[in-house]
Amino acid sequence: MSLPVGSYVVDVRSGRVGRVMGHVGPYLQLRPVGGGREWDCPPDGVRRATDAERISAVTAYANARSRGEVP
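No experiment lies behind these values; they were computed from the predicted model shown. (Residues numbered from 1 in each chain as written. Predicted model: local features only at pLDDT ≥ 70, side-chain atom pairs only at ≥ 80, totals over all residues. Heavy atoms only, no water.)

Trainee: I'm lost on the environment of Ala64 in this one. Help?
Mentor: Relative to the assigned elements, Ala64 resides in helix 1 (residues 51–66). For the pair Ala64 and Arg31, spaced 33 residues apart in sequence, the C-alpha to C-alpha distance is 17 Å. Setting aside residues no more than four positions away along its own chain, Ala64 makes contact with Glu69 and Val70. (Helix = DSSP H or I, 4+ residues; strand = E, 2+ residues; numbered from the N terminus. Contact = heavy atoms within 4.5 Å.)

Structure below.
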């Protein structure tokens, strides 16, 4: 499965939602919703995020930001 940069995916190993930022060697570089440190994930360790998962992740970040928990 070829995932373009900017795609929202779920790391099935951890359940984290992230955006594909690039491809280096055999790994995808994923960044958490709202920014932060990227992590590597093998292509077979991700699946496309559903609309509900994407919206939930964005909403959770917005709520945490409004509470002052994240910059």
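Trainee: I would appreciate a short explanation of the sheet that holds strand 3 (residues 27–32) in the present structure.
Mentor: To summarise the sheet geometry, strands pair through backbone hydrogen bonds and adopt either a parallel or an antiparallel arrangement. Across the sheet, five strands lie side by side as 4-3-2-1-5; this open sheet has antiparallel pairing. Only two strands of the sheet have a single partner each, and these edge strands are strand 4 (39–41) and strand 5 (46–48). Along the sheet, successive strands turn relative to each other by an average axial angle of 50°, direction set aside. Relative to strand 2 (residues 17–24), strand 1 (residues 8–11) runs antiparallel, the two sharing three bridges. Across the sheet, residue Tyr8 finds its bridge partner in strand 2, namely Arg19. (Pairing = 2+ DSSP bridges. Axes fitted to C-alpha atoms, helices over the stretch in contact; angles between N-to-C directions.)

Trainee: Would you take a moment to explain the pairing of strand 3 for this structure?
Mentor: Side-chain positions along a regular strand alternate between the two faces of the sheet. Judged from the six bridges that link them, strand 2 and strand 3 form a sheet pairing that is antiparallel. Paired with Gly22 across the two strands is Gln29, which belongs to strand 3. Where strand 2 folds back onto strand 3 in an antiparallel hairpin, the turn is made up of two residues, including Gly25, whose phi is positive at roughly 60°. For strand 3 and strand 4, the ladder comprises three bridges, and the chain directions are antiparallel. Across the sheet, Leu28 pairs through a bridge with Cys41, a residue of strand 4. Between strand 3 and strand 4, which follow one another and run antiparallel, lie six residues, and Gly34 among them has a positive phi close to 90°.

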